[in-house]
Amino acid sequence: MSGLTRTRPEPGTRLDVTSTPAQAYRRHLDAQRAAVAGAAGIEVRTAYTAAFNGFSARLTAQQATALRADKRVRAVTAAQALGTRTTSPDPSAATSTAATPTGAAGVEPPSPTTGADRPEPGKPGKPAKPGPGTGAGMVIGVLDTGIWPESASFAKKMPAPAGWHGTCQTGVAFVAEHCNGKIVGARYFADSWLAYGGSVPAGELLSPRDVVGHGTHTASTAAGLPLQNVTIDGRRFGPVSGVAPDAQIAVYKVLWGGTGYDADIIAGIDAAVADGVNVLNFSIGSELGDWEANTPIGIAFLNASLAGVFVAASAGNTGIVSGAISNAAPWVTTVGAAVTKPDEATLKLGDGTKLVGGSLDLLPDGVSRPLVFGEQAGSLEQWAAYCEPGSLDPAKIKGKVVACALSDLFGSVAEIKAKGGVGMVVFDPAGNYRINSIFNFPVVYLPTKKQAGTLFTYLMRHPTDATVSLRSGGDGSSIPGIPSVADFSSTGPDKVTLGVFKPDLVAPGSNVIAAVSPAGNFGRNYDAYSGTSMASPYVAGAAAILRATHPDWSPGAVASALRTTATDTVGTSNPLDQGSGFINLAKATDPGLVIQPTAADLVRFSETAQPDGKELNLPAISLREYDGTRPVTITRTLTNVGKARETYRSSVSGLDGMKVSATPASVTLEPGKSATVTIAVRRGNAPWDRYVTGSITWRGKAHSARIPVAARPWGITPRPYADDGEEFGRMVNGAFGALQPGFTGPLAGRSTGYTPMVRKAYSMPAGVDGGVFDPNATGVKKVDFTVPANTAGIVVEVHTDNPNANLDLYLYKGGTLIHRSDRSWTSEEQAYKFLPEPGRYSAYVFAQVPGGPVVNFELSHAIVGRNATYSATTLTVPRTAERGMTTNFTLKPNESLPEGDVWAYTEWSTNGTVIPGNLVYTRRDSWE
């Protein structure tokens, strides 16, 4: 703009808000905002000037309309809260001094599903000489619940680093002396919270002080001082250290009781950029991930990155739902969680059955004791099955181990201890995540539905003589290996934006021991938390080390170095789960190559209503919904950040069935020089509507750089989720079938015709009313099927005329669950598999509510061959298809149909390319 000098820093440098050009530009923006607000008669509550050009205010509907009509205004967005509850229960419910923390995709409260892992840069507990390798001179800004300044993890006086412009904001129970240099600055932001609620939550303090514990934990994980030995409830847990122990911490309290408004969070980001932080950690998100691109918080992080600040953020804790990724902007390093210590425990039932779960507590090492189910030892009305406080009878549990269904675990432990129990086994009938907490009491957690069913069946068969022994350690069966992706860690792809690959990588995030607030953690100064909240600050600390080691690197270069040097986890190499892999800080300090997007491209992405990131120069390739009938070409620019000339040769791994090549196949680069490579992707014979994953690696003599690739050719259904067994748009009614093709061109189809389901009546003795599924339990009927090769689909249905019963249906192949249908309000269940692998399948009908002593039901199944010919039908379909447009078809029988559902397979083709189609059902009354 005329009269104003450029303020955006060059790559590798930071924004200086004190410079004359920056001050002039800020005055210009202040005047613009004042003019806009004045024209609409608005009282500005908070103005943003460094990372976001805007303001927050309470608006009437008329004022919002006026702002949207003002050409000087880009967007008007309603304030939103982040920090809804995660899967982790809340131990602070057992205390009277703490607020109730409610986690988010990365904002977990301290929980009875957390355990112990320690970020260990170098040799933990032994102070290293301050320098680049320890993050000296770097400031990590932590946007969170505040900090507990008295913690030993922050007990060091340090001078403020060069370029620091921040302040120490005092408040309730927080004085200027708490900013000792290790804590170099502290602020709190509650304007929007106070505007909505009038006051902070009960137990909270209007200051930077942390009463929840989450912010203290993330800050100490990133940059806590090395400590020789940490004790929790009198037990020693060994040395603990932050990843960058000599980095300094700037606190930005934006969450209150674990929840905060985006307007306050943006104020925190804005202040952090102006203060001069080098790295930001954001362990906050939405419960089921992002739902739109380029949110106000995302734009604030973009401007922070352009100002030279690296941003690490948690991916989310909703691993059970694919695509529920938080913080998916391409300029943010989105971090998933990995398990890095097994923390296993084994229980042995009286019949010899062994179950391996998790525990962080001292266990009695194999001594057999009586075992009782909480429901058999207390009041049903007070939820004794969950061992709720006040529910158990002391006479029935004294000296026994108590089995409890998952609920408020800390409350359950307190109940059992108070009534004389000697241990607790927790099982989860719904299936949950493998995470633990420190209970200071013998507790073993069994997280899977299968384990819950096995234990429940044993308890029902031994109501008076059940026994169990508990011991620490296991056989490794509770996890794939070390390191492995934590089952709670949110998986990709990003469901909002095409062409953006998330998560970026994974880092230690399960059972992490770090400093906490004693106010919200039973008086503990250290505790074990789990979540992507814990993984994100690990990466923030690593980024601080890289920034200190390479002060000329941009945030994009740091992100690239972390990602291209990451290594595969155990149990999966799928980048939808692990991103680029598990962080490898030692290699990231010398990556050889970096791949980073330009500022202009990121800004352009941020200004697009429906952006596609596949052309961004990111160290990953995501083709979520590409047209598989055509080749795709993209480019990546490689830059040599090493100290010597090096030749890199490309190779492709994985990507089965696809044809992928890089041109030129090899590049030779001098230090600081770049080369652009064209990557061609063709579907080949890879499956349609399925992800194919792999990687491209450039290997030199001294370095290698790997980028993950995930491609899903869109055949008949766009689906922004992973391959989790659900077949969106695959099952259709032949009377009014529909598909949504991912290609444009001629359309032809064929069908097998309809085949009737095989129906058979069964009866079985009732099991336990309201029981837990176990293949070997009473009240379960198993029916086997043989599925031949080249099968289009298997469909299994169950029906009962008993209105008082509730039946569930499970479809297995061997010991692997293929599909589950267990709706609580009906017995009309259906399980299926499209294009199943050949072999032996088993359907289990489970009488969750039997409705009588004998359970009568009908089980139906159809195995539809892909190339079979069943009956004469007429397929009516348009001659052409247009990408993304719904195409309707009918499959009409030419002869009379039998009673009930009949099934067919319909396959499509365009220009000779065959695309698997639909499983089509109908019934006689549809055509009568």
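For the structure, check the block above.
Being a predicted model, the structure only gives us computed values, none of them experimental.

What counts, and where the lines are drawn
Residues numbered from 1 in each chain as written. Predicted model: local features only at pLDDT ≥ 70, side-chain atom pairs only at ≥ 80, totals over all residues. Heavy atoms only, no water. Helix = DSSP H or I, 4+ residues; strand = E, 2+ residues; numbered from the N terminus. Buried < 20%, exposed > 50% of the residue type's maximum accessible area, 1.4 Å probe, protein only. Contact = heavy atoms within 4.5 Å. Areas by Shrake-Rupley, 256 points an atom, 1.4 Å probe, with all protein chains shown as cover. Lys, Arg positive; Asp, Glu negative; His and termini not counted. Charge placed at Lys NZ, Arg CZ, Asp CG, Glu CD. Patch = residues over 30% accessible without salt bridge, like charges linked within 9 Å, V, L, I, M, F, W, Y side chains within 5 Å. Salt bridge = Lys/Arg side-chain N within 4 Å of Asp/Glu carboxyl O. Pairing = 2+ DSSP bridges. Axes fitted to C-alpha atoms, helices over the stretch in contact; angles between N-to-C directions. Parallel < 35°, antiparallel > 145°, perpendicular 65-115°, else oblique. Nonpolar A, V, L, I, M, F, W, Y, C, P; charged D, E, K, R; others polar. Disulfide = S-S within 2.5 Å. Core = buried A, V, L, I, M, F, W, Y, C linked by side-chain atoms within 4.5 Å. Polar contact = N/O pair within 3.5 Å; in protein donor to acceptor, adjacent residues only side chain to side chain. Phe/Tyr/Trp six-rings, centres within 6.5 Å; stacked < 30°, edge-to-face > 60°.

Chemist: Tell me what's going on with the overall build of the protein, and back it up with residues and numbers.
Modeler: From N to C terminus, the protein includes 14 helices and 50 strands. The dimensions of the protein, computed from C-alpha atoms along their principal axes, are 85 × 75 × 65 Å. Counting over 928 residues, the protein shows a buried share of 58%. The contacts of the protein with a sequence gap of at least 6 include a subset with a gap of at least 24, amounting to 73%. Within the structure as shown, the protein displays about 34800 Å² of accessible surface, and the carbon and sulfur contribution to it stands at 51%. Of the side-chain charges in the protein, 80 are positive and 78 negative, and the distance between the mean point of each set is 6 Å.

Chemist: Residue-level account of a nonpolar patch on the surface, with values.
Modeler: Nonpolar side chains collect at one region of the surface, where Leu288, Trp291, Ile320 and Val321 lie side by side and expose about 440 Å² of accessible area between them. Note on placement: Ile320 falls in the loop between strand S11 (310-314) and strand S12 (333-339). Overall, Ile320 belongs to the exposed group, its relative accessible area being 62%.

Chemist: Would you mind going over unusual backbone geometry in detail, with residue names and values included?
Modeler: A cis amide bond, omega 5°, links Gly492 with the succeeding residue Pro493. Cis geometry marks the peptide bond from Lys502 to Pro503; its omega dihedral reads 0°. Checked against the element boundaries, Pro503 lands in the loop between strand S20 (484-485) and strand S21 (505-508). Unlike most non-glycine residues, Asn327 shows phi in positive territory, near 60°. Residue class for Asn327 comes out buried when judged on its relative accessible area of 11%. Phi angles above zero are rare outside glycine, and Leu655 is one such case at about 55°.

Chemist: Provide a residue-level description of the pairing of strand S25 (residues 621-626), including the pertinent values.
Modeler: Counting buried positions along S25 yields six of six residues, so the element is predominantly enclosed. Summarising the sheet, S25 and strand S32 (residues 704-713) pair through four bridges and their orientation is parallel. Bridged to Tyr626 within S32 is Pro713.

Chemist: Provide a residue-level description of the packing of helix H5 (residues 262-275) against helix H6 (residues 296-306), including the pertinent values.
Modeler: Contact geometry for H5 and H6: axes closest at 10 Å, N-to-C directions at 5°. The orientation of H5 with respect to H6, classified from their angle, is roughly parallel. Facing Asp262, Ile265, Ile266, Ile269 and Val273 of H5, the residues of H6 in contact are Pro296, Ile297, Ala300, Phe301 and Ala304. Considered class by class, the residues forming the contact of H5 with H6 number nine nonpolar, no polar and one charged.

Chemist: Provide a residue-level description of the sheet that holds S25, including the pertinent values.
Modeler: The strand order across the open sheet built from five strands is S25-S32-S31-S27-S29, with neighbouring strands paired in mixed fashion. Either end of the sheet is taken by a strand with one partner, and the two such strands are S25 and strand S29 (666-669). Pairs of neighbouring strands in the sheet enclose a mean axial angle of 20°, with direction left out of account.

Chemist: Which residues make up the state of the cysteines, and what values go with them?
Modeler: Such a bond, covalent and formed between the sulfur atoms of two cysteines, is termed a disulfide. This model, assessed by the stated rule, comprises two disulfides. Between the sulfur of Cys168 and that of Cys179 lies a disulfide, 2.1 Å long from S to S. In this structure the cystine formed by Cys168 and Cys179 twists about its S-S bond by roughly 80°; its chirality is therefore right-handed. Here Cys168 is found in the loop between strand S4 (139-144) and strand S5 (183-188), whereas its partner Cys179 is found in the loop between S4 and S5, with eleven residues between them in sequence.

Chemist: Just give me the short version of the nonpolar core, but keep the residues and values in it.
Modeler: Among the nonpolar cores identified, the biggest contains 53 residues, and Ile140, Ile147, Ile249, Phe310, Val539, Leu562 and Ile583 are the most heavily contacted of them. Per element, the largest residue contribution to this core is ten residues, and it comes from helix H10 (residues 532-549). Setting aside anything within four residues of it in sequence, one finds Ile140 in contact with Ala222, Ala223, Ala247, Gln248, Ile249, Ala250, Val279, Ala540, Gly541 and Ala544.

Chemist: Can you explain the sheet that holds strand S43 (residues 829-834)? Please cite residues and give values.
Modeler: As summarised here, the arrangement of the four strands in space is S38-S45-S40-S43, forming an open sheet in which the pairing is antiparallel. Looking at the sheet topology across the chains shown, the edges are occupied by strand S38 (758-765) and S43. The sheet shows a mean angle of 20° between the axes of neighbouring strands, taken without regard to direction. Both S38 and strand S45 (residues 854-865) contribute to a ladder of eight bridges, which runs antiparallel. Looking at S45, one finds that Arg759 is bridged to Ser860.

Chemist: Describe the pattern of salt bridges, with residues and values.
Modeler: For the coordinates displayed, the defined rule picks out 26 salt bridges. Arg866 serves as the salt-bridge partner of Glu907, at 2.9 Å between the closest nitrogen and oxygen. With Glu907 in strand S49 (residues 902-910) and Arg866 in the loop between S45 and strand S46 (873-876), this pair connects stretches of sequence that are 41 residues apart. Among the ionic pairs, Arg924 bridges to Glu899, the shortest N-O distance being 2.1 Å. Pair noted here: Arg924 is in the segment after strand S50 (913-922) and Glu899 is in the loop between strand S48 (887-893) and S49, with a separation of 25 residues, a long-range link. Under the relative-accessibility criterion, Glu899 is labelled exposed at 56%.

Chemist: Talk me through the environment of Asp361; I want residue IDs and the actual numbers.
Modeler: With respect to the secondary-structure elements, Asp361 resides in the loop between strand S14 (354-358) and strand S15 (368-373). By relative accessible area, which is 4% here, Asp361 ends up buried. Setting aside residues up to four positions removed in sequence, Asp361 forms contacts with Arg235, Ser437, Ile438, Phe439, Asn440, Phe441, Pro442, Val443 and Ser472. In terms of polar contacts, Asp361 uses its side chain to reach the backbone amide nitrogen of Phe439, at 2.9 Å. Of the polar contacts made by the side chain of Asp361, one reaches the backbone nitrogen of Asn440; its length is 2.8 Å.

Chemist: So what's going on with helix H4 (residues 214-223)? Which residues, and what values?
Modeler: Of all ten residues in H4, ten are buried, a share of seventy percent or more. Of all the residues in H4, the buried ones are His214, Gly215, Thr216, His217, Thr218, Ala219, Ser220, Thr221, Ala222 and Ala223. The secondary structure elements touched by the buried residues of H4 are S4, strand S8 (248-253), strand S10 (279-282), strand S22 (512-515), strand S23 (526-529) and H10.

Chemist: Give a description of the packing of aromatic side chains that names residues and reports values.
Modeler: Considering all chains together, one arrives at 20 aromatic pairs under this definition. Aromatic side chains Phe189 and Tyr252 sit 6.5 Å apart centroid to centroid with 25° between the ring planes, which places their arrangement in the stacked category. Linking Phe189 in the loop between S5 and helix H3 (191-197) with Tyr252 in strand S8, this pair joins segments that are 63 residues apart in sequence. Of the two residues, Phe189 and Tyr252, neither departs from the other in class, the shared state being buried. With centroids separated by 5.9 Å and ring planes inclined at 70°, the aromatic side chains of Phe773 and Tyr844 adopt a geometry described as edge-to-face. Of this pair, Phe773 sits in the loop between S38 and strand S39 (780-787) while Tyr844 sits in strand S44 (residues 839-849), placing them 71 residues apart in sequence. Take Phe773: its relative accessible area is 8%, and that puts it in the buried class. Exposure remark for Tyr844: the relative accessible area of 9% places this residue in the buried category. Here the aromatic cluster, defined as three or more aromatic residues joined through ring pairs, consists of Phe773, Tyr810, Tyr812, Tyr844 and Phe846.

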